[in-house]
Amino acid sequence: MKFDFSEDQVMLRNLIREFLTDQCPGSHVREMIESETGFDREIYRQFVQLGILPFPEQYGGGDLGMVEQAIILEEMGRIPYPGPYFATVMLAGSALQLSNDENAMARFLPDASNGDLIMTLAFTEDDTGWTADAISAEAALNGESVTLNGRKRFVPFADAADIILTVARTPGTSGQDGVSIIAIPADAEGVSTGKEMMFDVTSRTATVEFTNVSVPVENIIGEAGAAWPVLEHVIRRAAVAASAEMLGASRRSMEMANEYAKERKQFGQFIGQFQAVKHMLAEMLEKVENGHAAVYYAAWALDADAPDAALAASVAKSTMNTSSRKVCGDSIQVMGGIGFTWEHDLHFFFKRAKNLEVLYGDVDHHYDQVLNEVLAGRVAGAGD
Amino acid sequence: MDLRYTEQDQAFRSEVREWLEENVPRKKLETLDEKKAWHRKLYEAGYLGMGWPSEYGGRDARPMEQAIVGEEMVRARAPAPVNGLGISIVGPTLIHHGTEEQNQRHIQKILTAEEIWCQLYSEPNAGSDLASLQCRADIDGDEFVVNGQKVWTSGAHNSDWGLMLARTDRNAPKHQGISCILVDMSSPGVEVRPLKQLSGSQEFSEVFFSDVRVPADNLIGELNTGWRIAQTTLSYERGGNTLSRYTRMQESFNRLLDVVGIVKRDGAALIDSPHIRWRLGKVYADMEILRYSSLRILSRLERGERPGPEASIAKLHYSELDKAIQEVFLDILGPYGQQIEGIPDHIALEPDTDPFEPGSWAYAFAWSRAGTIYAGSSEIQKNILGERVLGLPKEVRADRVQATAQQASSSGNGDD
Ligand SMILES: Cc1cc2nc3c(=O)[nH]c(=O)nc-3n(C[C@H](O)[C@H](O)[C@H](O)COP(=O)(O)OP(=O)(O)OC[C@H]3O[C@@H](n4cnc5c(N)ncnc54)[C@H](O)[C@@H]3O)c2cc1C
Ligand SMILES: Cc1cc2nc3c(=O)[nH]c(=O)nc-3n(C[C@H](O)[C@H](O)[C@H](O)COP(=O)(O)OP(=O)(O)OC[C@H]3O[C@@H](n4cnc5c(N)ncnc54)[C@H](O)[C@@H]3O)c2cc1C
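Residues numbered from 1 in each chain as written. Chains lettered and ligands numbered in written order. Predicted model: local features only at pLDDT ≥ 70, side-chain atom pairs only at ≥ 80, totals over all residues. Heavy atoms only, no water.

## Things to note about the overall build of chain A
So the rule is basically this: Secondary structure elements follow DSSP: runs of H or I of four or more residues count as helices, runs of E of two or more count as strands, with numbering from the N terminus. In this setup the radius of gyration rests on C-alpha atoms only. A globule is expected at 2.2 Å times the number of residues raised to 0.38. The buried label applies to any residue whose accessible area, calculated with a 1.4 Å probe on protein chains only, is under 20% of its type's maximum; exposed applies above 50%, and partly exposed to all values in between.
When helices and strands are tallied, chain A shows 11 helices and 10 strands. Rg of the C-alpha trace for chain A: 21 Å, near the compact-globule value of 21 Å for 384 residues, within the 12% margin. Each principal axis of the C-alpha distribution contributes one length, and for chain A these read about 80 × 55 × 40 Å. For chain A, the proportion of its 384 residues judged to be buried stands at 60%.

## What to know about the overall build of chain B
Basically, it comes down to this: Whether two residues touch is decided by their heavy atoms; if any such pair falls within 4.5 Å, the residues are in contact. Here the accessible surface of atoms and residues is derived via Shrake-Rupley with a 1.4 Å probe, and residues count as covered only by protein chains that are part of the display. Here the positive residues are Lys and Arg and the negative ones are Asp and Glu; neither His nor the chain ends is included. Lys charges are placed at NZ, Arg charges at CZ, Asp charges at CG and Glu charges at CD.
Check the secondary structure of chain B and you find 12 helices and 10 strands. Dimensions of chain B, computed from C-alpha atoms along their principal axes, come out at roughly 85 × 45 × 45 Å. For chain B, the proportion of its 416 residues judged to be buried stands at 52%. Taking all contacts inside chain B whose residues are at least 6 apart in sequence as the whole, residues at least 24 apart take part in 70%. Working note: accessible area of chain B is about 18,900 Å², and carbon and sulfur atoms make up 48% of it. Side chains of chain B give 47 positive and 61 negative charges; the mean places of these two sets differ by 5 Å.

## Quick look at the nonpolar core
If you look at soluble globular proteins, the nonpolar side chains tend to sit buried side by side. Here is the rule: Put simply, buried Ala, Val, Leu, Ile, Met, Phe, Trp, Tyr and Cys residues joined by side-chain atoms within 4.5 Å make one nonpolar core.
Core analysis: the biggest nonpolar cluster contains 228 residues, and Tyr85(A), Leu165(A), Tyr296(A), Tyr360(A), Phe253(B) and Leu280(B) have the highest contact counts within it. If near-sequence neighbours (up to four positions away) are discounted, Phe253(B) is found in contact with Leu371(A), Val374(A), Leu280(B), Val283(B), Tyr284(B), Met287(B) and Phe329(B). Phe144(B), Val146(B), Val183(B) and Val207(B) belong to the second-largest nonpolar core, a separate cluster that totals 18 residues.

## Quick look at the pairing of strand β5 (residues 179-185) of chain A
Residue and element names in this part refer to chain A. Condition: Pairing between strands is defined by DSSP: at least two bridges between the two strands are required.
Most of β5 is tucked away, with 6 of its 7 residues classed as buried. Across 7 bridges, strand β4 (residues 163-169) lies against β5 in antiparallel orientation. Bridge pairing in β5 places Ile163 opposite Pro185.

## Considerations on the interface of chain A and chain B
The cut-off we apply is this: Any carboxyl oxygen of Asp or Glu that lies within 4 Å of a side-chain nitrogen of Lys or Arg is treated as forming a salt bridge with it. Polar contacts, as counted here, are pairs of nitrogen or oxygen atoms within 3.5 Å of one another; within protein the pair requires one atom able to donate a hydrogen and one able to accept it, and residues that are adjacent in sequence qualify only if both atoms are side-chain atoms.
Each partner contributes to the interface: chain A provides 49 residues, whereas chain B provides 44 residues. Summed over the shared surface of chain A and chain B, the number is 6 salt bridges. Between Asp4(A) and Arg303(B) there is a salt bridge, with the nearest N and O atoms lying 2.7 Å from each other. Our count for the contact surface shared by chain A and chain B stands at 20 residue pairs in polar contact (both at pLDDT 80 or more). Residue assignment for the side of chain A that touches chain B shows that the elements contributing at least two residues are α7 (228-263), β10 (269-270), α8 (275-304), α9 (309-335) and α11 (363-375) of chain A. Examining the composition of the side of chain A that touches chain B, we find that 17 residues originate from one element, α8(A), more than from any other.

## Details of the pairing of strand β1 (residues 117-120) of chain B
All names here are of chain B. Burial of β1 is two-sided: the residues Trp117 and Gln119 facing one way and the residues Cys118 and Leu120 facing the other way are all buried. Pairing of β1 with strand β4 (residues 161-167) involves 4 bridges; the strand directions are parallel. Each residue of the ladder has a partner; that of Gln119, found in β4, is Leu163.

## So, α9(A)
All names here are of chain A. So the rule is basically this: For a helix, the expected span equals 1.5 Å multiplied by the residue count minus one. One fitted axis covers the seven residues ending at a residue, a second covers the seven starting there, and the bend at that residue is the angle between these axes.
An ideal rise of 1.5 Å per residue puts 39 Å on 27 residues; α9 measures up with 38 Å between its terminal C-alpha atoms. Roughly 25° is the biggest bend found in α9, and it falls at Ser323. The buried fraction of α9 amounts to 22 of the 27 residues, a majority that puts the element mostly inside the structure. Following α9 by one or two positions, Gly336 has its phi on the positive side, about 60°.

## Some points on the site of ligand 1
All names here are of chain A. For clarity, the cut-off: One heavy atom within 4 Å of a molecule or strand is enough for the residue carrying it to be called near that molecule or strand. Gly falls in the polar group here, along with every residue not listed as nonpolar (Ala, Val, Leu, Ile, Met, Phe, Trp, Tyr, Cys, Pro) or charged (Asp, Glu, Lys, Arg).
In the vicinity of ligand 1, the contacting residues are Arg264, Gln266, Phe267, Ile271, Phe274, Ala276, Val277, Gln333, Val334, Gly336, Gly337 and Phe340. Take Arg264: an N or O atom from its side chain is 2.6 Å from an oxygen atom of ligand 1. Taking Gln333, its main chain carries an N or O atom lying 2.7 Å from an oxygen atom of ligand 1. When contributions to the shell around ligand 1 are tallied by element, the ones reaching two or more residues are α8 and α9. A class-by-class count of the residues in the shell around ligand 1 yields 7 nonpolar, 4 polar and 1 charged.

## Looking at the side chain of Thr319(A)
Relative to the helices and strands, Thr319(A) is located in helix α9. For Thr319(A), the side chain forms a polar contact with the main-chain oxygen of Val315(A), separated by 2.7 Å.

## A look at helix α6 (residues 102-113) of chain A
Residues and elements named next belong to chain A. Let me state the cut-off plainly: What the arc covers is the set of directions going from the helix axis to the C-beta atoms.
Between its first and last C-alpha atoms α6 spans 15 Å; for 12 residues at 1.5 Å apiece the expected length is 16 Å, and the two agree. Among all positions of α6, only Ala104, Met105, Phe108, Leu109, Ala112 and Ser113 are buried. The buried residues of α6 occupy an angular sector of 125° when the element is viewed end-on, so they sit on one face. Measuring from the backbone nitrogen of Asn103 back to the side-chain oxygen at the start of α6 gives 3.2 Å, which picks out Asp101 as the cap. Once α6 finishes, Gly115 follows within two positions and takes phi at roughly 90°, a positive value.

## Considering the packing of aromatic side chains
Residue and element names in this part refer to chain A. The criterion, for reference: For this analysis, a ring pair means two rings from Phe, Tyr or Trp (six-membered ring only for Trp) whose centres lie within 6.5 Å, classed as stacked if their planes differ by under 30 degrees, edge-to-face if by over 60, and tilted for the remaining angles. Look at NZ for Lys and CZ for Arg. If either is within 6 Å of the ring centre and within 35 degrees of the ring normal, a charge sits over the ring.
Enumeration according to the criterion identifies 22 aromatic pairs over all chains in this entry. Ring geometry for Phe39 against Tyr44: centres 6.1 Å apart, planes inclined by 85°, an arrangement best described as edge-to-face. Accessibility classification places Phe39 together with Tyr44 in one group, the buried group. Seen in terms of ring centroids, Phe123 and Trp228 are 6.3 Å apart; in terms of plane orientation they differ by 40°. Their pairing is tilted. Here Phe123, found in the loop between β1 (119-122) and β2 (138-142), pairs with Trp228, found in helix α7; they are 105 residues apart in sequence, far enough to count as distant. Three or more aromatic residues joined by ring pairs make a cluster, and in this case those are Phe86, Phe123, Trp130, Trp228 and Tyr360. Directly above the aromatic system of Phe270 lies the positively charged group of Lys265, at a separation of 4.9 Å from the ring centroid.

## Overview of the site of ligand 2
Residue and element names in this part refer to chain B. To keep things clear, this is the line we draw: Boundaries between domains were set according to an automatic or database domain assignment.
Neighbouring residues of ligand 2: 18 residues in total, closest Ser122, Ser128, Trp152, Ser377 and Glu379. Here a nitrogen atom of ligand 2 sits 2.8 Å away from a polar atom, N or O, in the main chain of Trp152. Secondary structure elements with two or more residues in the shell around ligand 2: β3 (143-154), α10 (361-371) and α11 (378-389). Partitioning the shell around ligand 2 into residue classes produces 8 nonpolar, 9 polar and 1 charged. Looking at which domains feed residues into the shell around ligand 2, each of domain 2 (117-224) and domain 3 (240-389) supplies at least three.

## Quick word on the domain arrangement of chain B
Annotation of chain B at the domain level lists domain 1 (7-82), domain 2 (117-224) and domain 3 (240-389). Using only C-alpha atoms to locate each centre, domain 1 of chain B and domain 2 of chain B end up separated by 30 Å.

## Examining the pattern of salt bridges
This structure, assessed with the given rule, holds 52 salt bridges over all chains. Residue Arg300(B) is joined to Asp4(A) by a salt bridge in which the shortest nitrogen-to-oxygen separation is 3.9 Å. Taken together, the positions of Arg300(B) in helix α8 (residues 274-302) and Asp4(A) in the segment before α1 (7-23) put the pair across two chains. Since its relative accessible area comes to 26%, Arg300(B) is described here as partly exposed. Across the salt bridge formed by Arg378(A) and Glu373(A), the nearest N and O atoms sit 2.7 Å from each other. By relative accessible area, which is 9% here, Glu373(A) ends up buried. A single network of salt bridges, built from pairs that share partners, joins Arg13(B), Arg17(B), Glu71(B), Glu72(B) and Arg75(B).

If you want it as structure tokens, here you go:
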């Protein structure tokens, strides 16, 4: 039983922290908010070239596990990093890897690994759910090509993406049947993106309309119509990755509020001496440490293919959903009026966490999943 | 990271499980003798004081092995050892701070439950602020003379010995005039008056001391160093046992899952209500977090680290979580949850919910209110976390202000 990071994992964390604090200080985040694409292509390229990707080595990745990705995402949450790492690596990359589609991996992953190719996953529709029932975009097979029609919303970094892995179903199917993932070049005819701007101004999304978009059948990732189990797994990984990012945002917020509580004086004393403030910070600490246990347990369970991997992912996401709003929100409370300004960085964390709360399953979705997994007996130690 | 149990751990678990299956008493233990006999059996099997050095009857067991025994005992619905405080607090205190003679005299009898122990710390005016205790132990030749009162002393009515904190220097600053002594509860002048608890049973007591003579040899460590000793014993109370607390919650949860499948309300099984499902999902998620964080603590203990102030996170977490969970259980069970007699078999909570009480949902609920008070209340834990982990400045407190003022004036006197 070893819950602590290995030496390599500690080195990885230090490497990422050094890179991100150096390259992406608060001033950089603010610059990116004002920029056209919302991120710096060169920094992104350098970052993925650190050799930290989960992709197989033969396709230029570092073959790293989910624990390592959680470490990376936690560090990104501490910035909060503006850029398409999550979209390219955790969403689209996971879909390619988990599909076990060697052709598709060989086609996309080497370019993604050196930062030349930006990818994303278009899942969410007008119905913003995360189950197969939420999918209504249609992909009709006709001989050697497939024709896509539908609208996707909140597609991360869709404007910057070169390849949009799009989730759609075979006409006439429902539920988990007939769901496919199709690689659509962003510049294909019939693809148009509409502007979105979210409360979390450090993350970009767009609405993407697909009107009679036709691509060769080779662009179907994995088996046509059989992608749901893969997607379920992708969403699970994304939920854990998002939880890690929320953990980073929470811990960073707490640290800022804690520092402030040691410096700010009112009524002739440091505000951190008031129990109301001290206890609020203590509760934040408890939430952050419990969140750490949840995130890394879940990441480990995915890597180990543990019987409770799905359960743990839902525990992590539901927990970070409820804790990060509390921790990031209370940090603002501790900072008083300053916490409510645009000038102070605190609100970026608050907003990043809020953004991630509703993605890859909200708290209701995950409590539901937790109970389903328990009732199905997929708990720790099952099968031992 | 590797959160698998080793093969060695798994083998040990099966061994413990098998032993418990064969040995757990089939009927409820009624008398003190029955309880002592069960305790002794656990000890003889090697499951008590496991982590203690072998020279003191332990087996130098790893923290993981101790946690496994704790978990398996809950699973097997095994009654807890009757000399719980002896095992969890007194034994370790002696091993760390006792003299060779003291250890020879007491440790074996703690392990075998020949002598039952209680913890004589709290007083009417010294609870959270334990260091302000006033029970006195005055030196008289080679004896202490003890006068004063203790309160909330768990198990005092069954105890042969007590681990006491008493004031031995009334002129020293409050933390520096306290000593730790071993008191024979059968000494003349000791009077135990049981108190009835919220749960309905009589488990803790008031204890009065009038001119009780205690040999000076019963002092643990140096005179006036009792506070430091107590700090180490308090840390044994926090952190180590969280996994078995999780297991206890999980046992209740699993029982509840059976119940919600059978019991109907408004014509439908409880489990079919989306509201109830939501709450069950949430409770389970919250319990899992406790399991994960317990494993995290265990993995640190396994590396040989002692639980530091972070143990306060575990204490705060499990005790507050227990309250929240019990509330949900009672919400779901409706009036059955509050029934303490006549509850239908298919709804009753079977395992003992506490070493001292019969099992019922209502008792478990009642006991959840104690966990955030004893062993350092939640508020005290938050102070510890704020000051010792987050490094926040100490609060302005009347006793500190007074102490500073006294210091200033006494140093003033010294100048004169
Ligand atoms: C949107 C907005 C509009 C505003 N508009 C106006 C305006 O029009 N005019 C104007 O004059 N002001 C205005 N304010 C300022 C507002 O009144 C102050 O922000 C508020 O009084 C808190 O003071 P502070 O920001 O200095 O925080 P601080 O007083 O430094 O408080 C920081 C933290 O310490 C806590 N704290 C402080 N003292 C104690 C204590 N004794 N016990 C326990 N906790 C304590 C606080 O609750 C808070 O969590 C506005 C603020 C906001 C956010
Ligand atoms: C079931 C049970 C068994 C027990 N068994 C034993 C035993 O075997 N031996 C023994 O010695 N004692 C025992 N105790 C006593 C226990 O240790 C005390 O109850 C505990 O230390 C709290 O002290 P108190 O009851 O005097 O409450 P108080 O200290 O008076 O506290 C009352 C309230 O004030 C709050 N408070 C106090 N100080 C602060 C502060 N600085 N900041 C913020 N809030 C504060 C507390 O959190 C609490 O909510 C037991 C208690 C219970 C409930």
